[in-house]
Structures are given as structure tokens and as C-alpha cells.
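Architecture and fold: a report
Residue strings, one per chain:
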Amino acid sequence: MSARIGRLRGLCLRHSSWFVVQQHDQPALEQRQFRLAVKDNIATVSPNSEEETPLTTTCGSNFLANYRSPFEATIVTQLRSRGALLVGKTNLDEFGMGSHSVHTAFGPVAQEGEHEQQAVKHSAGGSSGGSAVAVATGEADLALGTDTGGSVRLPAAYTGVVGFKPSYGMLSRYGVVPYANSLDTVGLLAKEVRPIAELILGGADKVTRGLWAEHDPLDPTSLSHGARRRCASQRDCYTGPLPKDPYPLKNLKFGLPLEYNITELSPSIRHSWSAAAAKLQSLGARLVPVSLPSTRHALSAYYVIAPAEASSNLAKYDGIRYGTRFTPPTESDAAVSKGPEGQEEEEEGILYARARTAGFGDEVKRRILLGAYTLSSAAMDNYFLKAQKVRRLVRRDFNRVFALPNPLLDKPERFELSELPETVGLEDKWGPTEVDFLLCPTAPTTAPRLDEVLSEEEKDPVSAYMNDVFTVPASLAGLPAISVPMRVEDKEGAGMAGLQLIGQYWDDARLLAVAETVAGVVREEL
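Residues numbered from 1 in each chain as written. Predicted model: local features only at pLDDT ≥ 70, side-chain atom pairs only at ≥ 80, totals over all residues. Heavy atoms only, no water.

Some details on the overall build of the chain
- Of the regular secondary structure elements, the chain holds 13 helices and 17 strands.
- When contacts within the chain are restricted to residue pairs at least 6 apart in sequence, long-range pairs at least 24 apart make up 75% of them.
- Accessible surface, the chain: about 22900 Å² in total, of which carbon and sulfur atoms supply 51%. (Helix = DSSP H or I, 4+ residues; strand = E, 2+ residues; numbered from the N terminus. Contact = heavy atoms within 4.5 Å. Areas by Shrake-Rupley, 256 points an atom, 1.4 Å probe, with all protein chains shown as cover.)

Shown next, in the form of C-alpha cells:
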């Protein structure tokens, strides 16, 4: 599994695996302690004591190969105070940009498997693939990831674990290396829903405060104490820890988005999605078709907004202020090319250009160029501003289908019935049925084979963007979403996929409670 291993005071440096840095000698766990893996774009200092060597925070990039943060991310500090023992930093797509965790300086992340008695490697999803595999293999009880457009939920679906993206602004982003500030969200991965719920809502001891209640003044996107209390007062399940008994499904309304039944959806996943919906209905839940018309434009809008923000965030990496300074070439080995006037000029002769050329991988360069173009004066009106309008429409679609109002709005939005597609039925003269949660697949396919992913990346690098089609809308709207494991039968036999639940803003507590029940039902019946 490991191409090269080195030791660093109790740490094992692994390459071409799911850990970038892994704790070598792990102490025995005491009561209320748990093993934590941290995605390597989240700042950490020493593993578990100040005497140990500080950990690097590489973001999977050559540019930050030796970077050691002088401070620790707030979320890591919060989890340490709740009993977390850091077991390592996990591999990822460079700066969080990717869907398969293959765009990394430390080698692709893969999950091992078998097909017809032959060992095969499958994609672990991205960009938090290392965190997902660390949980799936049992090397961590809980893992931190970041979710910009599905980077926690997609790996969770591919590896058969639980991946939770909270409402935007709930968990602190301080210490997280930014990709796209308006979309980045710290997410949690575990084998079950309950460990995540206990951290978000508070433990059963009723002493440890839930993370939902903790404002971080160091993070400008963290909701204030007053806003948190106001939002929670309009929601259920925030008054204490997650109940031991399953949350009752009777009379809950689950929306099935019509626009998510796309041509690219695997028949095996479509079948399991339908079977899960039928089982929930048999337990008293109500399944309702809903329409989210702007969904078909969400993916395009995301891949305008996210690269635009990324190009701005990555501008500081120049080899002087941030990142590794790469040694300029000597006269004897400097590359020579023809300039626009035919004159000879040295390539990479400028320090910035040389550092960014050597430091960034191909996918990061691709998104920087795309983002810089969409922010240019010639393209901003046609691309960036229109993408922001689509984002507003996506958020409006969600507000229309959810029964709970969005607490960030001063007053409920009004919707014209004439704007609805003809396929949407009306509950009464006031409009269509409003739902509690949306139920849909997390990804359109099961985990592809790694060799197929690498081959497709060479032929069509942007083809992988389609994997985010079901996860991006919730990210654009800042809504909580969770992926729970769902068994499927495909041409390679039994496999795992993800069933996604999406809730209204700040309905995280009830979403986690319902997700635990749904996960149990799906695990037992499918």
C-alpha cells in the first residue's frame, strides 16, 4: 500500500495511500476518547501533545509540502476537548479540487476490493477520499473533511460510510485552507450517524455542549450566538442529545426531486432509491414528488462560482509570501522557446510563474484559469453574475418545497403557482405539498474502478464534474445534507452507494435523528 515510508518521532509518513501523515504508536483509548483523522487541508499543530513534532498541512500539494501551521483549526481544538486523539492527516485532491482523490501530490487514494477473485482498486471519491477510507477501514472512529460541492458526501457514498455536511455557518472554518469561501463547509464522517449526532447536539452525559451552539469569533462566516439561538428556537431536537429510540417516520413527508431522475443515473441506484422510498412509505412516511426546476443549472453555476473564488484564494501562493520557493533553472538547463515576435525567451524565468507552474497540479491550474476568465471584465456579466442569479434561484426552489421556513429570511418568500412545472400536483388551492426532507441518491453511480478514473481523466478531465450533480444544489443553498450507506446490485455484484437526505437550513438536529432511523431501515431491509 505504501510506496515510501519515513519516520518522524512516532509518526509514519505514507505515500500513495489515504494517510499523508499517520500516528505510528497509538495510545490506548480511555473512556469518551475516540480516534480522529483530519483532512490535510485543515490546520493542526502537534498530534496529541506539545512535545511531539508539529504536523504538516499540505493540502495534497507540492506547494505546501513542508508547511507547518503555527495555529490549529478551531474544529480540531473543539474535538480534542471532547476526547479526540489525532491518528493522522488524510490524503485529498489538491486544495480540495476533485471528485476521486487522484489529483494529489501523494498518489491516488484507493479502496481495495475484489472482483471475480481478482484484486481491484476503486475510487474513494473526492476530495475527502482519504478521510472516508480511514473511517471505512477502521483506522479512525471519526474523520474531518471539507464539503464544498459534495466532497464529504460523495466519498461517504463510495466507501459505504456516513458523511454529514452541516448548515453553512454552523461549524467554524477557521484554520481550514479555503477553496471557495461561500461554499466551504467542515463535514464529519463516521460509520454510524450517532457519533456525529452526539458531537453536533451534545453527548448523552448532558455535560458536553453540542458544536451547534459554539460561535467562533475568528470565523466571519460563523453564525453569532444570538442567530444560533433564534434558528434553534424554530426547530425540533435541539433541546438535548439524540434520543435512544428511533425517530418516528410516521407522517413525515419526504420529497423525491423529479429533476434528480436523470439519464446518467445508474439503474441499480435508481432501483435501490425506489426500494428505500417504498420501505419508508410502508413505515408511515409520505413520499411526494417535488420539482426543483433550477437544479438542472446548479452544476454549471457551481463550476463558475467555485473556480472564481478559488482563483482569488490561490493568488497568494507565489513562492514568496506563501508556498515553496522553487529554485530557478541555471543558464545551462533553462528551457528556451520562441516568443510572440520570434525572439528567444526563457520559460519560467519569472519567479512567480516558475513557482506556480511547479507547485500547482493540472486540476488546480485548470480551475484557476477558469475562475480568472469568469471574473474578467469580458466574461463576468455572462458567467459569474448569471451563476450567482442561478444560485439564488436554487435556494428559492428549496425554500418553496420545504414546510419549514428559512430562518435567515425576515419573512417567508411568496411563490406564484404559474411558475411551477405542469408535472407538479397541487395539495390544495394554496399550492403543492411541502415536505420535511428531500430523499435522493448521493451520486449517480457506484464507485468506479481507479484505472477507469485515471484513463478518463487523461481523455476528458472535466467528465468527473458530473459526479457532483446531486450534491452541489444543497451546497449552493447552504443546507444540511447527509449521505447514509445503501446497498445496490450492479454488474460487479453487491456494492455500496449513498442515500442522501437534505433538510431546510438549521434543521440539522432533526435531519440527524431521521437519518439514523433511515440508515437503520435501509441497512436492515435492502
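Comments concerning the packing of aromatic side chains
- Scanning all chains against the criterion turns up 14 aromatic pairs.
- Considering the side-chain rings of Phe-95 and Phe-360, the 6.0 Å spacing of their centres and the 70° angle between planes classify their relative orientation as edge-to-face. In this pair, Phe-95 sits in the loop between strand S5 (84-90) and strand S6 (110-115) while Phe-360 sits in the loop between helix H8 (351-359) and helix H9 (362-374), placing the two residues 265 residues apart along the sequence. The pair Phe-95 / Phe-360 is uniform in exposure class, with both members buried. (Phe/Tyr/Trp six-rings, centres within 6.5 Å; stacked < 30°, edge-to-face > 60°. Buried < 20%, exposed > 50% of the residue type's maximum accessible area, 1.4 Å probe, protein only.)

Here's the deal with the UniProt feature "active site" (unreviewed entry) in the chain
- According to UniProt, the positions carrying the feature "active site" (unreviewed entry) are Lys-39, Ser-127 and Ser-151. For the residues just named, distributed over 113 residues, the greatest C-alpha separation is only 11.0 Å, placing them together at one site.
- Mapped onto the secondary structure, Ser-127 falls in the loop between strand S7 (118-123) and helix H2 (129-136).
- Every residue in contact with Ser-127, bar those within four places of it in the chain, is listed here: Lys-39, Asn-91, Leu-92, Asp-93, Gly-96, Met-97, Gly-98, Ser-101, Ser-151 and Pro-155.
- Within the local environment of Ser-127, its side chain forms a polar contact with the backbone oxygen of Gly-96, the two atoms lying 3.3 Å apart. (UniProt positions renumbered as here; feature names shortened; annotations may be inferred. Polar contact = N/O pair within 3.5 Å; in protein donor to acceptor, adjacent residues only side chain to side chain.)

As for the side chain of Asn-91
- The residue Asn-91 is located in the loop between S5 and S6 in this model.
- A polar contact of 2.7 Å, which involves the side chain of Asn-91, links it to the side chain of Thr-104.
- Setting aside residues no more than four positions away along its own chain, Asn-91 makes contact with Ser-17, Trp-18, Phe-19, Val-20, Thr-104, Phe-106, Gly-107, Val-109, Ser-127, Gly-129, Gly-130 and Ser-131.

Quick notes on a nonpolar patch on the surface
- A cluster of nonpolar residues, Ile-320, Ile-350 and Tyr-352, forms a patch on the protein surface that exposes about 320 Å² of accessible area.
- Relative to the elements of secondary structure, Ile-320 occurs in the loop between helix H7 (295-313) and strand S13 (336-338).
- For Ile-320, a relative accessible area of 43% gives the class partly exposed. (Patch = residues over 30% accessible without salt bridge, like charges linked within 9 Å, V, L, I, M, F, W, Y side chains within 5 Å. Salt bridge = Lys/Arg side-chain N within 4 Å of Asp/Glu carboxyl O.)

Re the nonpolar core
- Residues Ile-200 and Phe-254 are the most contacted members of the largest nonpolar core, which totals 122 residues.
- Among residues more than four places away in sequence, those in contact with Phe-254 are Leu-249, Leu-280, Ala-285, Arg-286, Leu-287, Val-288, Val-435, Phe-437, Leu-439, Leu-501, Val-514 and Val-518. (Core = buried A, V, L, I, M, F, W, Y, C linked by side-chain atoms within 4.5 Å.)

Some details on the pairing of S5
- For S5, the tally of buried residues reaches 7 of 7 residues, placing the bulk of the element in the interior.
- Taken together, the 6 bridges between strand S4 (residues 34-39) and S5 define a ladder with parallel strand orientation. The residue of S5 that forms the bridge with Ala-37 is Gly-88. (Pairing = 2+ DSSP bridges.)

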